[in-house]
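Structural features, examined
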Amino acid sequence: PRSDCIAAEQLCLSDSTCNATYRILENCALAKTRFLPLDHDSRVRCLNAELDLGNSSLLHCKCHRRMKRQEHCLRVFWTVHSSVTDGYFNLETSPYENPANEEHWKTDYNKLAALLSGKDCSQLAGDATNPCLKATHVCNLSKKCVRLRTDYASICTKGAGSEDMCDRRKCHRGLRNFFEKVPEDFTKRILFCPCQDELCGERRRKTIVPDCSFQYNTKPNCLWLLDSCLEDHICKSRLADFQQNCQPADMSPDGCSQHNHAACLQAYMGMIGTPMTPNYVSNSTVEVSLWCTCESSGNQKEKCDQILGMFESNKCL
């Protein structure tokens, strides 16, 4: 199995040759995050340092979405793969281990859902017509699900819609916590519940408390949103994962180059709680988008449309 990047880094630092190469790459990555232009010689030195790692475990290491010290692991990954982002936007490779290789946890979702349907409570009468309500009620029966959902809901509603702005960073952290630590049996059903009416659709749209996590007073330019994402190791990694797993393919019958819808949905959920958080655009459709615009993009309009199109017109997603 591939080693995780924290273990690979420790191994590398204990070897003098690898250590020296890694220090060069750290400087290259630092220059990149600060948008400092590298001269020709520096670029060659960075590229050679990456090639020098050859078959070392550092070059092939990956991270897990639910691991401790995830940010440290991702920082190591992007230090070693800093040249990959030369295309500014197409990140090409995901730092995350394939979901199929990650340990899947057994959940008691079905047991709790059965327990719920056995209850004769008047407040559950709407469950049949509102699957989003039912998914929430099942979440309320799970200690972990209800605790983490209540956590992000209380953080994200503090100050939302009033003059004092909500703390978006804390809100995003709470959302990431929820989607990382609660089993997908619960999170997917809450986020992707199938709706027949607008009441249900509105509940689904408000799952992530969009007033705080999604909307700004005015829509920023999508290129600004991308820049703030690329400066953040978690957002950059989730975007790379999304690009890899939700890559559309016109010739493919299912619209996906990877033919794995579960991995695409997981990658989409990974974007929630980052500077590039997506959401449903209304309560009457399943269309999703980023909260940004491509007006006033000048000669970068095409690039901007591409970013927006990843969510708005992605056949795979």
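So, a few notes on the structure that sits alongside this text. Only a predicted model underlies this, so the values are computations on that prediction, with no experimental measurement involved. (Residues numbered from 1 in each chain as written. Predicted model: local features only at pLDDT ≥ 70, side-chain atom pairs only at ≥ 80, totals over all residues. Heavy atoms only, no water.)

**Regarding the side chain of Ser297**
Where we set the bar: Secondary structure elements follow DSSP: runs of H or I no shorter than four residues count as helices, runs of E no shorter than two count as strands, and numbering proceeds from the N terminus. Any two residues whose heavy atoms approach within 4.5 Å at even a single point are treated as in contact.
As for its placement among the helices and strands, Ser297 is situated in the loop between strand E2 (288–290) and helix H15 (301–312). Sequence-distant contacts of Ser297, that is, excluding residues within four places in its chain, are made with Asn221, Leu223 and Cys304.

**A look at the pattern of salt bridges**
Threshold: What makes a salt bridge here is a side-chain nitrogen of Lys or Arg within 4 Å of a carboxyl oxygen of Asp or Glu, nothing more. Each residue is placed in one exposure class: buried if its accessible area under a 1.4 Å probe, protein chains only, is under 20% of its type's maximum, exposed if it is over 50%, and partly exposed if it falls in between.
If you walk through the whole model with that rule in mind, you get eight salt bridges. A salt bridge links Glu26 to Arg23, with the nearest nitrogen and oxygen atoms 2.8 Å apart. Pair noted here: Glu26 and Arg23 are both in helix H2 (residues 16–33), with a separation of three residues, about one helical turn. Note on Glu26: relative accessible area 23%, which makes it partly exposed. You can call Arg23 partly exposed: its relative accessible area is 39%. Arg189 is paired through a salt bridge with Asp185; the nearest N and O atoms lie 3.9 Å apart. Residue Arg189 and its partner Asp185 are located together in helix H9 (residues 184–191), separated by four residues, close to a single helical turn. Among the residues examined, Arg189 registers a relative accessible area of 35% and is labelled partly exposed. Assessed through its relative accessible area of 33%, Asp185 is described here as partly exposed. Each of Glu202, Arg205 and Lys206 takes part in a single network of salt bridges with overlapping partners.

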